[in-house]
Amino acid sequence: MNVSVSVQSAIRYGMPAGTRVVAGKSGLDRDVGWPAVPKARAPAFDSISPGDLVLLSVDSLRFIDDALTLAKVVESLAEHGVSALAVRGSIDQQATELAERVGLPLLQLPDDVLISEVEKSIARAINERRTQLYRHSLELHRELVEVSLDGRGLEFIVRRLGEISHRNAALLNDQFGTEHYHLIDSRPDRAELQQLLAAGRSTVDWPGLRTGGRSDPPIIRLGLDGYCALLTPILVRDIIVGYLVFVSVGDSFDEADRLALSRASTVCALEMAKQHAVDETERRLRGDFFSELLEGRLSPEVATERAERLGYDLGRPAVCLVFVAEGEQAGPERAASALFTLSRQANRLLASQRVSAPVSAYRNSLLIIYPIDAPPSTKPALAFAQQTQELAAKEGRSLSVGVGRCHPDPEGIRASYREAHQAVSIGRQVFGAGRVSDIAELGVYRLLDSLRKSNDLTSFCQETLFYLIEYDKRNGTELVQTLDTYFKCHANLRATADRLYLHRNSLAYRLKRIEEIAGVNLDDFEDRFRLQLALKARQLIAV
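Residues numbered from 1 in each chain as written. Predicted model: local features only at pLDDT ≥ 70, side-chain atom pairs only at ≥ 80, totals over all residues. Heavy atoms only, no water.

Visitor: Quick rundown of the overall build of the chain? Include the residues and the values.
Guide: Check the secondary structure of the chain and you find 18 helices and 17 strands. For 543 residues, the compact-globule estimate of 2.2 N^0.38 gives 24 Å, and the C-alpha radius of gyration of the chain, at 34 Å, exceeds that figure by more than 25%. On the principal axes, the C-alpha backbone points of the chain span a range of 105 × 65 × 40 Å. Burial statistics for the chain: of 543 residues in total, 48% are counted as buried. Considering only intrachain contacts with a sequence separation of at least 6, the fraction spanning at least 24 residues in the chain is 61%. Surface accessibility of the chain: about 27500 Å² in total, with carbon and sulfur atoms responsible for 48%. Computed over 66 positive and 72 negative side-chain charges, the separation of the two mean positions in the chain equals 2 Å. (Helix = DSSP H or I, 4+ residues; strand = E, 2+ residues; numbered from the N terminus. Rg over C-alpha atoms; globule rule 2.2 N^0.38 Å. Buried < 20%, exposed > 50% of the residue type's maximum accessible area, 1.4 Å probe, protein only. Contact = heavy atoms within 4.5 Å. Areas by Shrake-Rupley, 256 points an atom, 1.4 Å probe, with all protein chains shown as cover. Lys, Arg positive; Asp, Glu negative; His and termini not counted. Charge placed at Lys NZ, Arg CZ, Asp CG, Glu CD.)

Have a look at this one:
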């Protein structure tokens, strides 16, 4: 258990009245190892260790080395990693500026003090403060563990943390959303806290928050528009699953607050690990259930009963949604992590909308069986898919989503899943990644997709477009693209020319060349239909 005392506390509890901070206030949070006094002659600083609070009389410098200045001492001690330098005697401007630049606290002691007495006072204060902090941290840890063992949950843990520490305490989820907030002061309220944290989130070096094997989680300080926050991650198996935060007006935090956050984050990690174990068991049960349901190994009656035991009602009409996280091909662990994050996000969104829907990872994608109150409309499911995709986009992640048709019973869920899976596959192939694709709106693409593995579809596409494709390759032209745009603009010459940034005469010439090369008549309905069908098929197959 790392119980440390800061420079600020060493000044407060161990240094004589009248001690001033001349420079380096940014380093007042540094941990103090022990007070140290240099020897009166060279080598004077051999006994100084990193973290020491060095006590020095300016008059003693001339006994060490006539050429030694206070600025050189500041530079040397800063490189050595001491916590602070306290000086009796005159402090020159050069030493002050250097201490400020390197962030080393430079303290001015009163002229009438004895360095040896200050050393004893600081050593005594550090011992007493460490003992006090150790006892306080043990008591806090014991009480929070009891709260956890009593099963009162994370909300009560956060409340007791705030009460014991007399601080505004908040528990954030892994996306920086406020889950629980215990307010001691009147400000900031929950909404203001969320805004402040959202603004401060971009300043946090997220990779630096991992412990890398250290016993205590790291703690960082955030300045938040008139407020100050202490933030520490909650880690389960070295994965950040949430954050604990103290927030106050101004900056009044000390090592007691950092120690309290550190101990509380450990208790929260245990609590969340317990919940994670429960969730993992439920996920396995859901995964087994989904597999058996979608592979047709359950009768409707058994499926309904199993779903009820998991807390879901499959007796209602439902739509299957299939989510695929894009850009997660770096390995199975990363893909599994992306699905886990996505499932948590989806569950939070479902809970906020008071919708009870099965959510499970299935075959490298996330599957949600979304209940529908007014069949056959799938608008609520489509809206949910769009919201989930937008939330992911705000966090820099891309999702492709497939939406099946609404079916009235458990047997129909298998069909809806196949449709949703087909929709996301077609959507990614035809329209690109990061879109919501509704099977009901894919039209002829569904028919073409069912023929994708057929040699007949490839042959049809080649026969219809072969000469145009080859002509484009040989001459660097864009006749196939021109034809596709022409059909997308419903054969409207002006709209097609505008979209292709062409003059109408140039477009007319291109269309005439297309008719000559492909041997078709664009005024003929059968030829137009055959060309349109081939262009759509070309988006599904490699031609």
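Visitor: Before we move on, could you go through the sheet that holds strand S13 (residues 318-325) and cite the residues and values that matter?
Guide: The five strands are arranged S14-S15-S13-S16-S17 in an open sheet whose pairing can be described as mixed. Bordering the open sheet on either side are strand S14 (359-362) and strand S17 (436-438), each of which pairs with just one other strand. Within this sheet the neighbouring strands show an average axis-to-axis angle of 25 degrees, counted without direction. By the bridge criterion, three bridges tie strand S16 (residues 399-403) to S17 in an arrangement that is parallel. (Pairing = 2+ DSSP bridges. Axes fitted to C-alpha atoms, helices over the stretch in contact; angles between N-to-C directions.)

Visitor: I'd like to hear about the packing of helix H15 (residues 479-488) against helix H18 (residues 525-540), residue by residue, with values.
Guide: With their axes 11 Å apart at the nearest point, H15 and H18 run at an angle of 110 degrees to one another. It follows that H15 is roughly perpendicular to H18 by the angle criterion. When you trace H15 past H18, the crossing you get is left-handed. Contacts between H15 and H18 involve Val480, Leu483, Asp484 and Phe487 on the former and, on the latter, Arg528, Leu531, Gln532, Leu535 and Arg538. Its residues placed into classes, the contact of H15 with H18 shows five nonpolar, one polar and three charged. (Parallel < 35°, antiparallel > 145°, perpendicular 65-115°, else oblique. Left-handed = near helix turned anticlockwise from the far one by under 90°. Nonpolar A, V, L, I, M, F, W, Y, C, P; charged D, E, K, R; others polar.)

Visitor: Which residues make up the nonpolar core, and what values do they have?
Guide: Across soluble globular proteins, nonpolar side chains have a tendency to be buried as a group. Core analysis: the biggest nonpolar cluster contains 32 residues, and Leu465, Leu468, Leu483, Phe487, Leu522 and Leu531 have the highest contact counts within it. The set of elements that each furnish at least two residues to this core consists of helix H12 (410-430), helix H13 (444-450), helix H14 (455-475), H15, helix H16 (493-500), helix H17 (504-518) and H18. When near neighbours in sequence (up to four residues on either side) are disregarded, Leu468 contacts Leu479, Val480, Leu483, Ile514, Ile517 and Ala518. Core analysis: the second largest hydrophobic core is formed by 26 residues, Val147, Val158, Val241 and Val267 among them. (Core = buried A, V, L, I, M, F, W, Y, C linked by side-chain atoms within 4.5 Å.)

Visitor: Give a description of the pairing of strand S6 (residues 84-88) that names residues and reports values.
Guide: Among the five residues that make up S6, four are buried, leaving the element largely enclosed by the rest of the structure. Examined bridge by bridge, strand S5 (residues 53-57) and S6 share five bridges and lie parallel to one another. Bridged to Val54 within S6 is Leu85. Alignment of S6 against strand S7 (residues 106-109), held across four bridges, turns out to be parallel. In the sheet register, Arg88 faces S7, and the bridge partner there is Leu109.

Visitor: Before we move on, can you summarise the packing of helix H5 (residues 115-149) against helix H6 (residues 153-165) with the specific residues and values?
Guide: Taken N-terminus to C-terminus, the directions of H5 and H6 make an angle of 155 degrees; their axes are 9 Å apart at the nearest point. Taken together, the axis directions place H5 and H6 in an arrangement best described as roughly antiparallel. Where H5 crosses over H6, the two elements pack in a sense that is right-handed. In contact with His136, Leu140, Glu143, Leu144, Val147 and Ser148 of H5, H6 contributes Gly153, Phe156, Ile157, Arg160, Leu161, Ile164 and Ser165.

Visitor: Describe the pairing of S5, and please don't skip the residues or the numbers.
Guide: For S5, the tally of buried residues reaches five of five residues, placing the bulk of the element in the interior. Where burial is concerned, the two faces of S5 agree: the one with Leu53, Leu55 and Ser57 and the one with Val54 and Leu56 are both buried. In terms of strand pairing, strand S4 (residues 35-36) meets S5 through two bridges, oriented parallel. Note that in S5 the partner of Pro35 across the bridge is Leu53.

Visitor: Explain the sheet that holds S5 to me, using residue names and the numbers behind them.
Guide: Pairing is mixed across the open sheet formed by five strands, whose spatial order is S2-S7-S6-S5-S4. Where the open sheet ends on each side, the last strands, each with one partner, are strand S2 (20-23) and S4. Docked against the sheet, helix H3 (residues 70-80) engages S5 and S6, running at close to 160 degrees with respect to S6.

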